[in-house]
Amino acid sequence: QVQLVESGGGLGQAGGSLRLSCAASGIFKIKSMGWYRQAPGKERELVAGISNGGSTNYADSVKGRFTISRYNAKNTVYLQMNSLKPEDTAVYYCNVRWAVITLEYDYWGQGTQVTVSS
């Protein structure tokens, strides 16, 4: 069974740092891993993504502050969050995309709360 275990969420201060991690198990043929977030009353949005080949992309709002990395051998993805802002407050969800040719499917973690105080 596919499982995504997230850790590292919690309370941070503006200007501070937090590091999220997500370990995926029970899945093969991973195309990419990433992080999404959802604030109250808002849609879930992409924060950062990384392919198994190492290509990355970031939301404009976090570019230069957040860094995504991965350890492919353990199917683990990390999100280093620096220079935190109150607007970073949201539930962060780990995402793993499985793909074989044109067939694909997204798996999601349960979400971890990140709260940034001013």
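Predicted, not measured: the structure shown is a model, and the values here were computed from it.

Asker: An account of the overall build of the protein is needed here, citing residue identities and associated values.
Answerer: A count of helical and extended segments in the protein gives zero helices and eleven strands. When the helices and strands of the protein are read in sequence order from the N terminus, they spell out β-β-β-β-β-β-β-β-β-β-β. The C-alpha radius of gyration computed for the protein amounts to 14 Å, which stays within 12% of the reference 13 Å derived for 118 residues, consistent with globular compactness. Each principal axis of the C-alpha atoms in the protein carries an extent, and together these give about 45 × 25 × 25 Å.

Asker: I'd love a proper account of the side chain of E6, names of residues and values included.
Answerer: Within the element layout of this structure, E6 appears in strand β1 (residues 3-7). As a buried residue without a salt bridge, E6 has its nearest oppositely charged side chain in R44, at a separation of 8.2 Å. From its side chain, E6 meets the backbone nitrogen of T112 in a polar contact 3.2 Å long. For E6, the residues in contact, after removing those within four places along its chain, are S21, C22, W35, Y92, Y93, C94, G109, Q110, G111 and T112.

Asker: So what's going on with the nonpolar core? Residues and values would help.
Answerer: Counting residues in each nonpolar core, the largest one holds 27 residues, and the members touching the most others are W35, V47, F66, V77, L79, M81 and Y92. Among the secondary structure elements, those contributing two or more residues to this core are β3 (18-25), β4 (30-38), β5 (45-51), β7 (66-71), β8 (76-81), β9 (90-100) and β11 (112-117). Discounting chain neighbours no more than four positions away, the residues touching V77 are L20, S21, C22, M33, W35, I50, I68, S69, R70 and C94.

Asker: Before we move on, can you summarise the sheet that holds β1 with the specific residues and values?
Answerer: Strand order across the open sheet formed by four strands is β1-β3-β8-β7, with antiparallel pairing between neighbours. Lying at the two open borders of the sheet, with one neighbouring strand each, are β1 and β7. Mean inter-strand twist for the sheet, computed between neighbouring axes without regard to direction, equals 15 degrees. As paired strands, β1 and β3 are joined by five bridges and run antiparallel to one another. Within β3, the residue paired with L4 across the bridge is A24.

Asker: Can you tell me about the packing of aromatic side chains, naming the residues and giving the values?
Answerer: A full pass over the atoms with the stated rule returns two aromatic pairs. For the pair Y36 and W108, a centre-to-centre distance of 4.9 Å together with 70 degrees between the ring planes defines the contact as edge-to-face. Here Y36 is found in strand β4, whereas its partner W108 is found in strand β10 (residues 103-108), with 72 residues between them in sequence. Taking 5.0 Å as the distance between ring centres and 65 degrees as the angle between the ring planes, the aromatic pair formed by Y105 and Y107 counts as edge-to-face. Above the face of the Y93 ring, R44 is positioned so that its terminal group lies 3.9 Å from the ring centre.

Rules behind the numbers
Residues numbered from 1 in each chain as written. Predicted model: local features only at pLDDT ≥ 70, side-chain atom pairs only at ≥ 80, totals over all residues. Heavy atoms only, no water. Helix = DSSP H or I, 4+ residues; strand = E, 2+ residues; numbered from the N terminus. Rg over C-alpha atoms; globule rule 2.2 N^0.38 Å. Buried < 20%, exposed > 50% of the residue type's maximum accessible area, 1.4 Å probe, protein only. Lys, Arg positive; Asp, Glu negative; His and termini not counted. Salt bridge = Lys/Arg side-chain N within 4 Å of Asp/Glu carboxyl O. Polar contact = N/O pair within 3.5 Å; in protein donor to acceptor, adjacent residues only side chain to side chain. Contact = heavy atoms within 4.5 Å. Core = buried A, V, L, I, M, F, W, Y, C linked by side-chain atoms within 4.5 Å. Pairing = 2+ DSSP bridges. Axes fitted to C-alpha atoms, helices over the stretch in contact; angles between N-to-C directions. Phe/Tyr/Trp six-rings, centres within 6.5 Å; stacked < 30°, edge-to-face > 60°. Lys NZ or Arg CZ within 6 Å of the ring centre and 35° of its normal.

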